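Single-letter residue listing:
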Amino acid sequence: MDETILVVNCGSSSIKLALFNTSHQKTASALAERLNNPDARARIDGDDTPVSLPSNSSHQQALQALVSAFEERGLMNGKPVSIGHRVVHGGEAFREAALIDAHAIAAMEDCAPLAPLHNPVNLIGIEATRTLFPDSPQIAVFDTAFHQTLPPRAYRYALPEQFYRDWAVRRYGFHGTSHYFMVEEAARRLNRTPATTSIISAHLGNGCSITAIEDGISKDTSMGLTPLEGLVMGTRSGDVDPGLFDYLASRGVSASETHRVLNQESGLLGLSGQTNDMRSLCELADHGHEPSTLAIDVFCYRLAKYVGAMMASLNKLDALVFTGGIGENSARVRAQTIQHLKLLGFTLDAELNTHHGQVSEGHISDADSRFPVLVIPTNEELVIAREASRLANVN
Ligand code: AMP
C-alpha cells in the first residue's frame, strides 16, 4: 500500500481528517463532531457504520478512534509520512507553512490571543497527533500566511501607531489557503503561470472573504484582525460601524454580547431571521419570504462593492473567481452580484452560469465581458497535503 499523508483540520468541537497518497490523491476522509458533548459522534465518509466514540469524547480520543477505524478498513497503513495541520492564525511570525518544532509551537501560542477560538484547539490537534505518531513530521499551514504580502497601506488600520506596535492590531486576512489555490488553478485554466496571474478571488462559504491577488501575491483582502470584517457571511455581520459598540452599550448591551451577536446571530441569519444557509434562503425567497430576499440582496451588494474596492489594489486583472459552497453552487448569487458590476465591464453568460464546469472549465462570463469570470471548486486539503509533502521532503 502507498504511503499516507494525513491532513488534520481541528475545530472547537470537530475534527476533519483526510488521507492522501504521495501522488496527492485523496484516498479517504472522516469527520468527528460535537466533541466534548454527550452526543459526540464520528464517521468515515462513504461508510454507513458510525465510528463509536465515548460520551464527551475529547479531540485526542476522537483522533485515536478515527485512525483505528482507518486502519481497520485498510485505508491507512502504518504511520503517515507527513501530517499537515490547518492552523488559523500565524500572525506576523509565519509567512508560509512551517515544520512544527518547539520554536513553531511557541510562536503559535503567541498568536493564540489573536484567534482564541481557533489556535488553542489547533494546538490540541497537533499535540494529539504527536502522541499518536511521535516520529511523523508535522507541518502547520496557516490561513493568514498567504496575506503576509499585503502592503502596509492595506494592512494598517487608521488607528494610533501604538495599537499596531504594542498589540499587533492590523489586518491579517484569512482563507489564505483557498485564495492561494484559486490563483494556482485560475492560472492553469487561463494557460498562464501563477506568478503572472492576477485575480480577484471570492471565497463564499459559511465564512466569506475576497482577495486581490497580483502576479500570484496577495495585495488586499476583506477579513481583518479577525474573520469578522468584510463581507456578509452566514452568521457574521462583516463590516459595521464600530460606533455600534458604544451606542448599544448606552442601550444596556455589553461589548461582549454585541461581539457574540455580530459573530453568531448576524449575517444571512440575522437579516433573514430564518437561516444562515444560502440554499434554504434562495428557496424561501422563491416562495416570497421578503427578509430572505433582503438577506440575499445585502449579501450580493456588499460583495459587488468589495469587487470594486479590490480593483483599486490591482494594476491588471486576469479573472474574477468564485469559490466556496455559495460561490461554487449559487448561480443566483453570482448573477445578482455581477448585475451590480456592469459599469466595471463584467457580464455573464446566463447558460454558462447555470451549467459551468461541465462545458467551459468554469468560465461563466460572456464574450462582451471586460474580464473573464470563473467558478473554481476550492480544495484547501490538497494544498495542505502538498505543503506537508514539500516540507517533509516526501517524494
Ligand atoms: P461552505 O462553508 O463552503 O461549505 O459553504 C456553505 C454554504 O454553501 C451554505 O450557505 C450553503 O447553503 C451554500 N450552498 C451549498 N450548496 C448550495 C446551492 N446549491 N445553492 C446555494 N447555496 C449553496
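Residues numbered from 1 in each chain as written. Predicted model: local features only at pLDDT ≥ 70, side-chain atom pairs only at ≥ 80, totals over all residues. Heavy atoms only, no water.

Draft legend 1. Layout of the site of the ligand. Around the ligand, the neighbouring residues are Gly205, Asn206, Asn276, Asp277, Met278, Arg279, Gly324, Gly325, Ile326, Asn329 and Ser330. Residue glycine 325 places a main-chain N or O atom 2.9 Å away from an oxygen atom belonging to the ligand. Put simply, the parts of the chain that give the shell around the ligand at least two residues each are α10 (278-286) and α12 (324-329). Considering each element in turn, the shell around the ligand owes the most residues, four residues, to α12. Of the residues contributing to the shell around the ligand, the split by class is two nonpolar, seven polar and two charged. (Near = heavy atom within 4 Å. Polar contact = N/O pair within 3.5 Å; in protein donor to acceptor, adjacent residues only side chain to side chain. Helix = DSSP H or I, 4+ residues; strand = E, 2+ residues; numbered from the N terminus. Nonpolar A, V, L, I, M, F, W, Y, C, P; charged D, E, K, R; others polar.)

Draft legend 2. Quick peek at the pairing of strand β9 (residues 208-214). Taken across its seven residues, β9 has seven buried, putting it largely inside the fold. Burial of β9 is two-sided: the residues Cys208, Ile210, Ala212 and Glu214 facing one way and the residues Ser209, Thr211 and Ile213 facing the other way are all buried. Pairing analysis gives six bridges linking strand β8 (residues 199-204) to β9, with the strands arranged antiparallel. Opposite serine 201, over in β9, you have threonine 211 as the bridge partner. In sequence, β8 turns back onto β9 through a hairpin of three residues. (Buried < 20%, exposed > 50% of the residue type's maximum accessible area, 1.4 Å probe, protein only. Pairing = 2+ DSSP bridges.)

Draft legend 3. Representation of the sheet that holds strand β4 (residues 41-44) in the model. If you trace the seven strands from one edge of the open sheet to the other, you get β4-β3-β2-β1-β5-β7-β6, paired in mixed fashion. Whereas interior strands pair on both sides, the edge strands pair on one side only; in this sheet they are β4 and β6 (98-99). When strand β1 (residues 4-10) meets strand β5 (residues 82-87), the two strands line up parallel, connected through four bridges. Across the sheet, the residue bridging to leucine 6 is isoleucine 83, located in β5. The strands that helix α3 (residues 119-132) touches are β1, β5 and β7 (138-142); relative to β5, the one it contacts most, it runs at about 170 degrees. (Contact = heavy atoms within 4.5 Å. Axes fitted to C-alpha atoms, helices over the stretch in contact; angles between N-to-C directions.)

Draft legend 4. Summary view of the packing of aromatic side chains. Across all of its chains, the model carries five aromatic pairs by this definition. Relative to phenylalanine 142, the ring of phenylalanine 94 has its centre 4.2 Å away and its plane inclined at 20 degrees; by these criteria the two rings are stacked. A residue pair is termed long-range when its members are at least 10 positions apart, and phenylalanine 94 in the loop between β5 and β6 and phenylalanine 142 in strand β7 qualify at 48 residues. Here phenylalanine 142 falls in the buried class, since its relative accessible area comes to 3%. Positioned above the aromatic ring of tyrosine 155, the side-chain terminus of arginine 170 is 3.7 Å from the ring centre. Directly above the aromatic system of tyrosine 172 lies the positively charged group of arginine 170, at a separation of 4.9 Å from the ring centroid. (Phe/Tyr/Trp six-rings, centres within 6.5 Å; stacked < 30°, edge-to-face > 60°. Lys NZ or Arg CZ within 6 Å of the ring centre and 35° of its normal.)

Draft legend 5. Structural detail: the sheet that holds β9. The strand order β10-β9-β8-β11-β12 describes an open sheet built from five strands, whose pairing is mixed. Edge positions in the sheet fall to β10 (217-221) and β12 (373-375), since each has one partner strand and no second. Across the sheet, the axes of successive neighbouring strands diverge by a mean angle of 25 degrees, strand direction being ignored.

Draft legend 6. Quick look at the packing of helix α11 (residues 290-311) against helix α13 (residues 331-339). Direction vectors running N to C along α11 and α13 enclose 55 degrees, while the axes themselves pass 8 Å from each other. The pairing of α11 with α13 is recorded here as oblique in orientation. As for how α11 packs across α13, the hand of that crossing is right-handed. In this structure, α11 uses Ile296, Asp297, Phe299, Cys300, Leu303 and Ala304 to contact α13, whose residues at the interface are Arg332, Val333, Gln336 and Thr337. (Parallel < 35°, antiparallel > 145°, perpendicular 65-115°, else oblique. Left-handed = near helix turned anticlockwise from the far one by under 90°.)

Draft legend 7. Focus on unusual backbone geometry. Phi is positive for histidine 24, which is not a glycine, with a value near 70 degrees. Along the chain, the position of histidine 24 falls in the loop between β2 (15-21) and β3 (26-33). Histidine 24 gets classed as partly exposed once you look at its relative accessible area, which sits at 25%. A positive phi angle, close to 60 degrees, is found at asparagine 56, a residue other than glycine. Summarising the element assignment, asparagine 56 is placed in the loop between β4 and α1 (59-72). Its relative accessible area of 41% is what places asparagine 56 among the partly exposed residues.

Draft legend 8. Region of the structure containing the nonpolar core. Judged by nonpolar contacts, the single largest core of 43 residues is most densely connected at Ile200, Leu204, Ile210, Met278, Phe299, Phe322 and Phe346. Of all the secondary-structure elements, those providing two or more residues to this core are β8, β9, α10, α11, β11 (319-323), α13 and β12. With 10 residues, α11 is the largest single contributor of residues to this core. The contacts of phenylalanine 322, once residues within four sequence positions are left out, are Ala202, Leu204, Leu303, Gly327, Arg334, Ile338, Ile364, Val373, Leu374, Val375 and Ile376. (Core = buried A, V, L, I, M, F, W, Y, C linked by side-chain atoms within 4.5 Å.)

Draft legend 9. Expanded view of α1. The first and last C-alpha atoms of α1 sit 20 Å apart over 14 residues, in line with the 20 Å expected at 1.5 Å per residue. Taken together, the buried positions of α1 are His59, Ala62, Leu63, Ala65, Leu66, Val67, Ala69 and Phe70. Once α1 finishes, glycine 74 follows within two positions and takes phi at roughly 70 degrees, a positive value. (Expected span 1.5 Å × (residues − 1).)

Draft legend 10. Region of the structure containing the environment of glutamine 336. Of note, glutamine 336 is situated in helix α13. A sequence separation of 36 residues divides glutamine 336 from cysteine 300, and the C-alpha atoms of the two residues are 6.3 Å apart. Filtering out sequence-adjacent residues up to four positions away, glutamine 336 remains in contact with Ile296, Asp297 and Cys300.

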